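Secondary and tertiary structure notes
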Amino acid sequence: MQSGETHTTDEDRQGGDMTSAASPHLTGGLDTLVIPGRVDADRAELTPRGELVHGCAEILARALAGLPATVTRVDLDMAGVHFMDTAGLQFLDVLADHGRQRALTVTATNWNGQPRRILELAGLDTTDPLSGLDATGPVPAAPPAAPTVSAVSLERAERLHVLQEEVEQLRQAIASRPVIDQARGILMATHGCTSDEAWHILRETSQLSNTKLRDVAAAVTASAEADGPPPPAELRTALHRAVARRRRG
């Protein structure tokens, strides 16, 4: 079976397992979305794992299309999804549309962490986000001709802007993760501290020097290389203070 396809056997239709997987996505290939699940009589329980990013809606559509015709309820447990951008809203649209078109009960529950925050910013109920969707997306708060439409539109535009900014910040944090991990390793070897202690040292150094965390990590990593430049004086001072505090604490 090729990646991205859903294969449902007779065993699946009688209560076996099923899995739908995606090709590596375009955000760095960090964690491919997979949708394993189980069909039990007329109920399908799907447990997506990974990230809701570009292509996630198509993956869900394939998983839903592979369900047996006897299914009358589809429940998604979203606890295994740890990252989501605006493509996650399309993912929910596909699920809601599937329920409407086939007269099924569909749910998506157990949202946690960053995906839950995205739902909040999008103005959706984190316990039942499908309740805030119609056939074309979020349900308008008022009819188009109502006087409050302009205010509602502005509020939603602001929410979307905040959502996009938060997603971008998370992308930058993910992109800088390798150099941060390297810096943590250097601090652990240099000061005999744990991984968590090294993380706190980096974060405190960032705060004391008013320097971005990834820039602190890059300076620490560069200074460990042969003939590498030492960190700037202000950064060195902040780093020494952070290490001293961690030793005292």
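Up top is the structure.
Notes on the structure follow.

Conventions used here
- Residues numbered from 1 in each chain as written.
- Predicted model: local features only at pLDDT ≥ 70, side-chain atom pairs only at ≥ 80, totals over all residues.
- Heavy atoms only, no water.
- Axes fitted to C-alpha atoms, helices over the stretch in contact; angles between N-to-C directions.
- Helix = DSSP H or I, 4+ residues; strand = E, 2+ residues; numbered from the N terminus.
- Parallel < 35°, antiparallel > 145°, perpendicular 65-115°, else oblique.
- Left-handed = near helix turned anticlockwise from the far one by under 90°.
- Contact = heavy atoms within 4.5 Å.
- Nonpolar A, V, L, I, M, F, W, Y, C, P; charged D, E, K, R; others polar.
- Salt bridge = Lys/Arg side-chain N within 4 Å of Asp/Glu carboxyl O.
- Buried < 20%, exposed > 50% of the residue type's maximum accessible area, 1.4 Å probe, protein only.

1. Examining the packing of helix α2 (residues 56-65) against helix α3 (residues 87-102)
For the pair α2 and α3, interaxial distance at closest approach is 8 Å and the crossing angle is 25 degrees. Between α2 and α3, the angle falls in the class roughly parallel. When the axes of α2 and α3 are compared, the crossing they make is right-handed. Between α2 and α3, the contacting residues are C56, A57, L60, A61 and L64 on the first element and A87, G88, Q90, F91, V94, L95, H98 and R102 on the second. Of the residues assigned to the contact of α2 with α3, the class counts are 9 nonpolar, 3 polar and 1 charged.

2. Describing the pattern of salt bridges
All chains considered together, the criterion is met by 8 salt bridges. The shortest N-O distance in the salt bridge between R73 and D75 comes to 2.8 Å. Its relative accessible area of 32% is what places R73 among the partly exposed residues. A relative accessible area of 7% places D75 in the buried class. E204 is the partner of R245 in a salt bridge, and the nearest nitrogen-oxygen pair spans 2.7 Å. Taken together, the positions of R245 in helix α9 (residues 233-248) and E204 in helix α7 (residues 195-209) put the pair 41 residues apart, joining distant regions of the chain. A relative accessible area of 37% places R245 in the partly exposed class. Classification of E204 as buried rests on a relative accessible area of 12%.

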